[in-house]
Amino acid sequence: WGYEYVAYRNKKILSLAYLKINYKNKTSLHCHPIKKTGFILLKGEVEINLGFYNTKKLNALSRLMIRPGLFHSTKNHEDETALILEVETPINKDDLVRFKDDYGRENKPYENENFMEKLSDKDPVFEEPQMNKVNNYKIDNVIVSVEKTNDIEKLKQKDLNTIFAVVDGGLKSENDLLVLSPGDIVGGDTIKKLTEVFKIDNYITYLSIIWKIIFGKYLKKHHRIDISN
């Protein structure tokens, strides 16, 4: 169906995979009984099977959260390669159950090293940023930034059209409970609301994405689908 690889990994908490799905191909109908999963569609148009009865079509730039145990599959409907960033937490490659697969992998684990290829120079790999620094990467026409900060004012100043994927740290309440934690993918409007009440837990490291501005307007507005059941 294409390929994927780990583009960022943080300790044993979270991994960020970069996926390319070829035209008219799809991933297996699978679930992760333990892991929280979320992805950001950077390019293309895909159809998502959610459970056994629901189907959603997404256009770039879209974000999606999937609860543990929910079977899902992603199919590329465009005549171009679909590009996706997928966040999983906690890191556990054995946490995979395939229900149906076009490639004969039902009830089989992740592929072994015999299916691996070396990355090219064009395949993005994200590095851990220094405190209050930003690492920027260009994927197609999208700028992906990875930032680590302990300054909540930096979060408050972010554009409302930004998509955030938390990869480490988060926001916490006065009684030290995380209200935004690794693996969460939210919009800038949610960040604005949360930072009015909650504080940074030592630091927060997040990936952020915003569409390129052309003639003072956004190329596209992002769409959101949050799946909880």
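Scroll up to find the structure.
Anyway, here's the lowdown on the structure attached to this text. This structure is a prediction, so every number in the text was calculated from the model and none was measured. (Residues numbered from 1 in each chain as written. Predicted model: local features only at pLDDT ≥ 70, side-chain atom pairs only at ≥ 80, totals over all residues. Heavy atoms only, no water.)

## Examining the overall build of the protein chain
Thought 1: Within the protein chain, the regular secondary structure consists of two helices and 19 strands.
Thought 2: The contacts of the protein chain with a sequence gap of at least 6 include a subset with a gap of at least 24, amounting to 68%.
Thought 3: For the protein chain, the exposed area adds up to about 12500 Å²; of that, 48% sits on carbon and sulfur atoms. (Helix = DSSP H or I, 4+ residues; strand = E, 2+ residues; numbered from the N terminus. Contact = heavy atoms within 4.5 Å. Areas by Shrake-Rupley, 256 points an atom, 1.4 Å probe, with all protein chains shown as cover.)

## Re the pattern of salt bridges
Thought 1: In the structure shown here, the tally under the stated rule is nine salt bridges.
Thought 2: Residues Lys43 and Asp140 are paired through a salt bridge, measuring 3.2 Å at the closest nitrogen-oxygen approach. With Lys43 in strand β4 (residues 36–43) and Asp140 in the loop between β11 (133–139) and β12 (142–149), this residue pair connects regions lying 97 residues apart in the sequence.
Thought 3: Measuring nitrogen to oxygen at the nearest pair gives 3.9 Å for the salt bridge that ties Glu174 to Lys199. Of this pair, Glu174 sits in the loop between β13 (163–172) and β14 (178–180) while Lys199 is found in strand β16 (residues 199–210), placing the two residues 25 residues apart along the sequence.
Thought 4: Glu174 gets classed as exposed once you look at its relative accessible area, which sits at 67%.
Thought 5: Ionic contacts of the salt-bridge type, sharing partners, join the residues Lys43, Glu80 and Asp140 into one network. (Salt bridge = Lys/Arg side-chain N within 4 Å of Asp/Glu carboxyl O. Buried < 20%, exposed > 50% of the residue type's maximum accessible area, 1.4 Å probe, protein only.)

## Re helix α2 (residues 188–195)
Because the α-helix completes a turn every 3.6 residues, residues three or four places apart line up on one side.
Thought 1: Among the residues of α2, those classed as buried are Gly188, Ile191, Leu194 and Thr195. Buried residues of α2, seen end-on, are gathered within an arc of 120° and therefore sit on one face of the element. (Arc of directions from axis to C-beta.)

## Some points on the packing of aromatic side chains
Thought 1: Counted under the stated rule, the structure contains seven aromatic pairs.
Thought 2: The interplanar angle of 65° and the centroid separation of 5.6 Å between the aromatic rings of Tyr5 and Tyr18 together place this pair among those described as edge-to-face. Of this pair, Tyr5 sits in strand β1 (residues 2–10) while Tyr18 sits in strand β2 (residues 14–21), and the two are 13 residues apart along the sequence. For the pair Tyr5 and Tyr18, a shared accessibility class is recorded, and that class is buried.
Thought 3: With 5.8 Å between their ring centres and 65° between their planes, Phe71 and Phe99 make a pair best called edge-to-face. Taken as a pair, Phe71 in the loop between β7 (62–66) and β8 (72–76) and Phe99 in strand β10 (residues 97–100) lie far apart in primary sequence, 28 residues in all.
Thought 4: Phe99 sits in the partly exposed class, given a relative accessible area of 49%.
Thought 5: In this structure an aromatic cluster arises from ring pairing among Phe52, Tyr53, Phe71 and Phe99.
Thought 6: Above the plane of the ring of Tyr203 lies Lys148, whose end atom (NZ or CZ) is 4.4 Å from the centre. (Phe/Tyr/Trp six-rings, centres within 6.5 Å; stacked < 30°, edge-to-face > 60°. Lys NZ or Arg CZ within 6 Å of the ring centre and 35° of its normal.)

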